[in-house]
Amino acid sequence: MVAAGSSTHIVPDRVAIVGAGMVGLATAWFLQERGIEVTVLDRQGVAAGASWGNAGWLTPGLATPLPEPAVLKYGVRAVLSPSSPVYVPPTASPRLLSFLTRFARNSTAGRWKTAMESLVPINRQALGAFDLLAKAGVEAETYEAKSFLAAYRTEAERTVLLDEIEHIHAAGQGIEFEAITGDDAREIEPSLSDEIGAAIRLHGQRFINPGEYVQMLADSVVARGGKIVTDANVSDIVDEIRGVRIVTADGESEAYDAVVMATGAWLGDLARRFGVRTVVQAGRGYSFSVPMAHVPAGPVYFPAQRIACTPLGDRLRVAGMMEFRKADAALDPRRIDAIVEAARPLLRDADLDARTDEWVGPRPCTPDGLPLIGATASPRVFAAGGHGMWGITLGPITGQLLAETITTGTTPNELTPFNPLR
C-alpha cells in the first residue's frame, strides 16, 4: 500500500528481520505497531549472539563512541597481552588490521567529539523507547539502579572518567553524578573491597537481565502474530523485481516486501552486496556469574580494569574484555582468568572460583564508533547494527526509528549520521 501523504513510497506488508537479538526483535515489535506482518529469522535462536550474556546496562548517559584517545594509550605491547582488557591476537588478519587502522584514525579528540554529538539525539530517546514497550505490555522489567558506582583505587585513576563526563556534557548530553570517597562508596555498596579509594556515583541509570528481557520481547512479538524462525542460516538476500528473497543454507527461500539485516557482528557478510562498505568487527566480551555474600543493589563498574558488574537475582554477573577476534571463535579461558584476577582484589566476599554461565559474545563494532541504521543501496533492504557496546541500550530506540523509516520512506534526523552507506 502507498503511505499517507506520499505518492511514491510503498509501505511493505511483510518484512523479514534477520537476527533475533535486541535490535532485530525491537525492530520487529515496532513494525508491528505500524501494522506490518513480521518474520524474524536467526541461525541459532533468540538472544544467541551478543544479547544474552552482556552486562545489561541501560546507560544512555555513558553511550559514547568506542574509538577514543584513551584506547591509543594501551600501545601495541599491551593489546597483544592475553590479560589486557583490550586484546588483539598477534596473527591478526588483513581485514582486522584494516579495521584497527581505521579505528585508530578515529581515536582522536576531534573525531570522538563529532561522533559523540551524533549519538546524543538517539541517546536522549533511549529510555523512552523502553518505557513505550512496557506501557504496551512487554512484561520484561527494567530496574532502576538504586546505586550505580564507578569505583577506582585512587583519585588519580578517577580523573579519566571525570574528564570524559565533561566532554559528554560539552557534546550536549546530560548525566548526573557525584564524586565520592572510597569509604562513601563502601557505605553504599559493602561489596567493594578496601582497595577502593575513590568512586563516582551515577544517577538516573537502569539495568536489565538481558537474556530474560530479549526473550520476553520475542514472546511479545509472537503473541502479536509475528513469526520467529530459529535454525535459519540465511546465506543470501536477493533483491528481485517483485520483492526481496531470503535464501537459507538448506536451500529454502521466501520472498518479502522488505528485509532488515540485524545480524550483529555478522552484518557485513550480507550487507556488503548492498553497498555497505563499513567493516563490522567482532569486539568480543566475556562474562560469568558468581555468588556473593552481599549482591550489590545496582551496577558496579571498574573503569580502570574495564570490568562491569550487574546484579542478577542472587548472583553477580561479571563482564569485561574487548577481544578483537572472529565472531564465532571458541571461548578463550585466559580471558575469563584475566577478568577474575583483575576483579578479585576489588570485590569483597565474591566467590570468583564458583563461576557459572561462562560466556563470550561478539559485540558488533565499527571503525568510527557509530551504528549502521537505515536503507542500503536497495530501498527495500535495511541495516540495523554496529552498535558496539550499546546494542542493548539503543536497541529499542533503533527499532522504533527504523520502523518509522521503513513505513514512511523518510529518515528521522536522529538516524542521519548512521547512514549505512557512509
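Structure's up top.
1. A look at the overall build of the chain
Tallying secondary structure elements over the chain gives eleven helices and 21 strands in all. The C-alpha radius of gyration computed for the chain amounts to 21 Å, which stays within 12% of the reference 22 Å derived for 422 residues, consistent with globular compactness. On the principal axes, the C-alpha backbone points of the chain span a range of 65 × 45 × 40 Å. Within the span of the chain, comprising 422 residues, buried residues form 56% of the whole. When contacts within the chain are restricted to residue pairs at least 6 apart in sequence, long-range pairs at least 24 apart make up 76% of them. Accessible surface computed for the chain: about 17200 Å², of which carbon and sulfur atoms make up 51%. Taken together, the 39 basic and 48 acidic charged side chains of the chain have centroids lying 7 Å from each other.

2. A closer look at the pattern of salt bridges
Within the structure shown, the criterion is met by 25 salt bridges. Asp236 is the salt-bridge partner of Arg273, the closest N and O atoms lying 2.2 Å from each other. With Arg273 in the loop between α9 (267–271) and β15 (281–291) and Asp236 in strand β11 (residues 234–239), this residue pair connects regions lying 37 residues apart in the sequence. Residue classification places Arg273 among the partly exposed residues on the basis of a relative accessible area of 44%. Here the residues in one salt-bridge network are Arg284, Glu323, Arg325, Asp332, Arg334 and Arg335, joined through shared partners.

3. Observations regarding the sheet that holds β11
Read across the sheet, three strands follow the order β11-β12-β13 without closing on themselves; strand pairing throughout is antiparallel. Of all the strands in the sheet, just β11 and β13 (253–256) have a single pairing partner and so form its edges. Across this sheet, the average inter-strand angle for adjacent strands is 20°, counted without regard to direction. Relative to β13, strand β12 (residues 244–248) runs antiparallel, the two being bridged by four bridges. Each residue of the ladder has a partner; that of Ile246, found in β13, is Glu254.

Reading guide: rules and limits
- Within each chain, residue numbers correspond to sequence positions counted from 1 in written order.
- Local features are withheld for residues below a pLDDT of 70 in this predicted model, meaning they are given only at 70 or higher, and side-chain atom pairs are given and counted only at 80 or more; totals for whole chains, interfaces and linings count all residues.
- The basis for every side-chain value is the complete set of heavy atoms in the structure, and neither hydrogens nor water enter the calculation.
- The helix count covers DSSP runs of H or I at least four residues long, the strand count covers runs of E at least two residues long, and both are numbered beginning at the N terminus.
- Atoms considered for the radius of gyration are the C-alpha atoms alone. The globule rule reads 2.2 Å times the number of residues to the power 0.38.
- Exposure categories follow from relative accessible area, calculated using a 1.4 Å probe and restricted to protein chains: below 20% of the type maximum is buried, above 50% is exposed, and the middle band is partly exposed.
- In what follows, a contact means two residues having at least one pair of non-hydrogen atoms within 4.5 Å.
- Under the convention used here, a 1.4 Å probe and the Shrake-Rupley method define accessible areas, while residue burial counts only the protein chains that appear.
- Asp and Glu are treated as the negative residues and Lys and Arg as the positive ones, with His and the ends of the chain left uncounted.
- Working definition for charges: the position is that of NZ of Lys, CZ of Arg, CG of Asp or CD of Glu.
- Between Lys or Arg on one side and Asp or Glu on the other, a salt bridge is scored when a side-chain nitrogen of the former is within 4 Å of a carboxyl oxygen of the latter.
- In short, DSSP must find at least two bridges between two strands for them to pair.
- Axis definition: a line fitted to C-alpha atoms, limited for helices to the stretch in contact. Angles are taken between N-to-C directions and run from 0 to 180 degrees.

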